[in-house]
Amino acid sequence: MSSGALVIGAGPAGLTSAYELAKLGISSTIIEADEQVGGLSRTVSYKGYRFDIGGHRFFSKVPLINELWREMLSEDFLLRPRLSRIHYRGHFFDYPLKAANALAGLGPIEAFLVMLSYSKAKMFPSAEETNLEQWVSNRFGQRLYEIFFKTYTEKVWGIPCNEISADWAAQRIKNLSLKEAIRNALLGAGKSAEGEVITTLIEQFHYPRLGPGMMWDCCKDLLAEKGNETVHGIKVDKIRHRKGRVESVVGHRSNGERVEFDADHFISSMPLRRLIQSLDPLPPDEVLAAANSLRYRDYLTVVLMAKREDVFPDNWIYIHSPEVKMGRIQNYKNWSPEMVPDQSRSSLGLEYFLWQQDEEWTWSNDRLIDLGIKECAQIGLVEPDEIEDGTVVRMKKAYPVYDHNYNDRVDIIRNYLETLPNLQTIGRNGLHRYNNQDHSMLTGVYAARNVVGEKNDVWAVNTEQDYHEEVRSSETEKSSTGYTKTMGDRAVPMPIVQDEADQIIQTAFARLDGVALGVALGVVIGVGLFLATMILLLKGGEFVGPRLGLLRNFLPGYEVTWGGSLIGLAEGSLLGFGLGFFIASLRNWGMMAYAYLLRRRAETEAAKNVLD
Ligand SMILES: Cc1cc2nc3c(=O)[nH]c(=O)nc-3n(C[C@H](O)[C@H](O)[C@H](O)COP(=O)(O)OP(=O)(O)OC[C@H]3O[C@@H](n4cnc5c(N)ncnc54)[C@H](O)[C@@H]3O)c2cc1C
């Protein structure tokens, strides 16, 4: 039994890990560099206004995580309606995209050009689909791609879309709605396999009454009640290890004071690059080089306080318009009314996605607030004289960057970390994975359980090799692939062997066996003809079987005679076999084509949400 664990970082992953450890009877100390908990999911307070780093929706397909959220916050966990739109060149478009609304907003000439480019993409799609540009253009046409995907995605990632892997989009939509879309196409819109109405995550989400930070403040308090301390203001910069075991971590307070912590188990949610750079002694050069080349996209939000009760009805608006730098704008009182101190006021969070090397990153707060006010006026949201105050929050390493080589580099690091079994890395930047809170938390839960001897692979969460907790909805349940997904009250991670959407298609359109249908029809036609000929011959008469005899036109040599009955048996069987085989093949080809169309349609539907 362990005597204690040390957790680095009091974001969702670190706090959840400590929370699970406490449930398992293991005490922990959480070391946090900042004065506040929550990490990227914190809530910042400013003169009674509260706001997120971005806007943090709480939604998850992992029942375990939904249970944890409810357990921590109970009635303070609100269910909120979602409204979000795209702003492009003076127009607002529904998001997720709707064809009629998009075409109406674009105007007749642009709509015509969009239809032309869409038809071209359908008739002559790009054979290659390796980058995001090709992937989206093949589904929506080049013109729609440029209007609704290109500018926003490039603002967020700072990389041209043709340098972003197509896997990114494919992976993002994989679990989003492809399965539901196919199910809906087969079973009727809006119905689950059990016939329940699916309330989509797109229409509503959960949100803590006082913003996401409320969840993490609460988690910290629950941990403290059980004697697990969160120590603030210490930045870990050394992880000391010897003979394949981590022995202690060393950190520094802002005044330079050095602090060292021992433990038996170490769980880190600090960025992977920094973790490797902090190892003492340092790992081999190849590992260090892999870590040094990991990149992060940084983020800055300008929050403007407006003297207006209602600025716009959305929770957030995507700003595709290329003439402004902001990428998205949040209206926090639409997330929860308690995010503003006075209902006659609104607070708007203007989001800028940057690199720390960008000039704007170093601008003064006043200059950034001026930029925000100017851009809001430019796109017609608020007038400058309506803004009475503003503030700026900078957040480094908001997005782990998926460039062409990041996966290989992460593999190198991961292999090396296996040589230090009492050190686990978790979370979003800890695994260099584009995780939301739920997946970040799940890695924390798994790491805690590994401490007591379970063997969970935290690296497999939110990957192609999805975990079955994603769909677990009751204590014990069989998935569509037939896997049992629980063991006692524990969720057991099991890799999905095949894409579930494909399996639904295959189940719905089971192939007809051509040989079996051929043999069956062959027997029926051959034996049927043989018996019919015999019966007519036995009945006798002046003209025996004049009509049946016409079959000689199709079956050479057949006639209603004793010898003819054997020819009929042989040729009828052959004809039946051929017919059965042909019908089965035709039906299989038709179904394959239909399944292909269904998959493409479902992918296109799901791709409409790719901006989220
Ligand atoms: C703009 C934006 C919008 C988002 N929207 C959503 C959303 O709608 N829904 C959702 O679920 N998720 C959303 N996310 C993702 C969510 O914020 C993350 O998944 C989550 O916060 C990751 O948790 P974490 O604990 O892994 O990391 P973090 O939140 O980054 O926490 C890590 C903690 O470790 C601390 N730390 C780092 N280094 C050290 C060190 N050396 N020593 C001590 N402490 C250290 C940090 O200070 C931080 O507190 C969004 C993220 C962004 C950037």
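Now for a look at the structure at hand.

Reading guide: rules and limits
Residues numbered from 1 in each chain as written. Predicted model: local features only at pLDDT ≥ 70, side-chain atom pairs only at ≥ 80, totals over all residues. Heavy atoms only, no water. Axes fitted to C-alpha atoms, helices over the stretch in contact; angles between N-to-C directions. Helix = DSSP H or I, 4+ residues; strand = E, 2+ residues; numbered from the N terminus. Parallel < 35°, antiparallel > 145°, perpendicular 65-115°, else oblique. Contact = heavy atoms within 4.5 Å. Nonpolar A, V, L, I, M, F, W, Y, C, P; charged D, E, K, R; others polar. Patch = residues over 30% accessible without salt bridge, like charges linked within 9 Å, V, L, I, M, F, W, Y side chains within 5 Å. Areas by Shrake-Rupley, 256 points an atom, 1.4 Å probe, with all protein chains shown as cover. Salt bridge = Lys/Arg side-chain N within 4 Å of Asp/Glu carboxyl O. Buried < 20%, exposed > 50% of the residue type's maximum accessible area, 1.4 Å probe, protein only. Phe/Tyr/Trp six-rings, centres within 6.5 Å; stacked < 30°, edge-to-face > 60°. Lys NZ or Arg CZ within 6 Å of the ring centre and 35° of its normal. Core = buried A, V, L, I, M, F, W, Y, C linked by side-chain atoms within 4.5 Å.

**Points about the packing of helix α4 (residues 108-123) against helix α5 (residues 132-140)**
One can describe the packing of α4 onto α5 by two numbers: an axis separation of 7 Å at closest approach and a directional angle of 105°. The orientation of α4 relative to α5 falls into the category roughly perpendicular. Note on element contacts: α5 touches α4 through Ser-137, Asn-138, Arg-139 and Phe-140, opposite Tyr-118, Ala-121 and Lys-122. Of the residues assigned to the contact of α4 with α5, the class counts are three nonpolar, two polar and two charged.

**Some points on a nonpolar patch on the surface**
On the surface, a cluster of nonpolar side chains totalling about 650 Å² of accessible area is made up of Val-515, Val-519, Val-523, Val-527, Leu-531, Ile-535, Phe-577 and Phe-581. Ranked by residues supplied to the nonpolar patch, first place goes to helix α17 (residues 514-539) with six residues. In this structure Leu-531 comes out as partly exposed when scored by relative accessible area, which is 45%.

**Looking at the packing of aromatic side chains**
Applying the stated criterion to the full structure yields 20 aromatic pairs. Measuring from ring centre to ring centre gives 6.3 Å for Trp-316 and Tyr-318, while their planes differ by 85°; the resulting arrangement is edge-to-face. Neither Trp-316 nor Tyr-318 differs from the other in exposure class; each is buried. One aromatic cluster in this structure is built from Tyr-95, Tyr-152, Trp-157, Phe-205, Tyr-207, Tyr-299, Trp-316, Tyr-318, Trp-335, Phe-353, Tyr-399 and Tyr-434. We note Arg-85 situated over the ring of Phe-92; from NZ or CZ to the ring centre the distance is 4.4 Å. Sitting over the ring of Tyr-399, Arg-428 keeps its end group 5.1 Å from the ring centre.

**Details of the nonpolar core**
Phe-148, Trp-216, Ile-239, Leu-272 and Ile-413 are the most contacted members of the largest nonpolar core, which has 123 residues in total. Sort the elements by how many residues they give to this core and helix α6 (residues 142-157) lands first, with eight residues.

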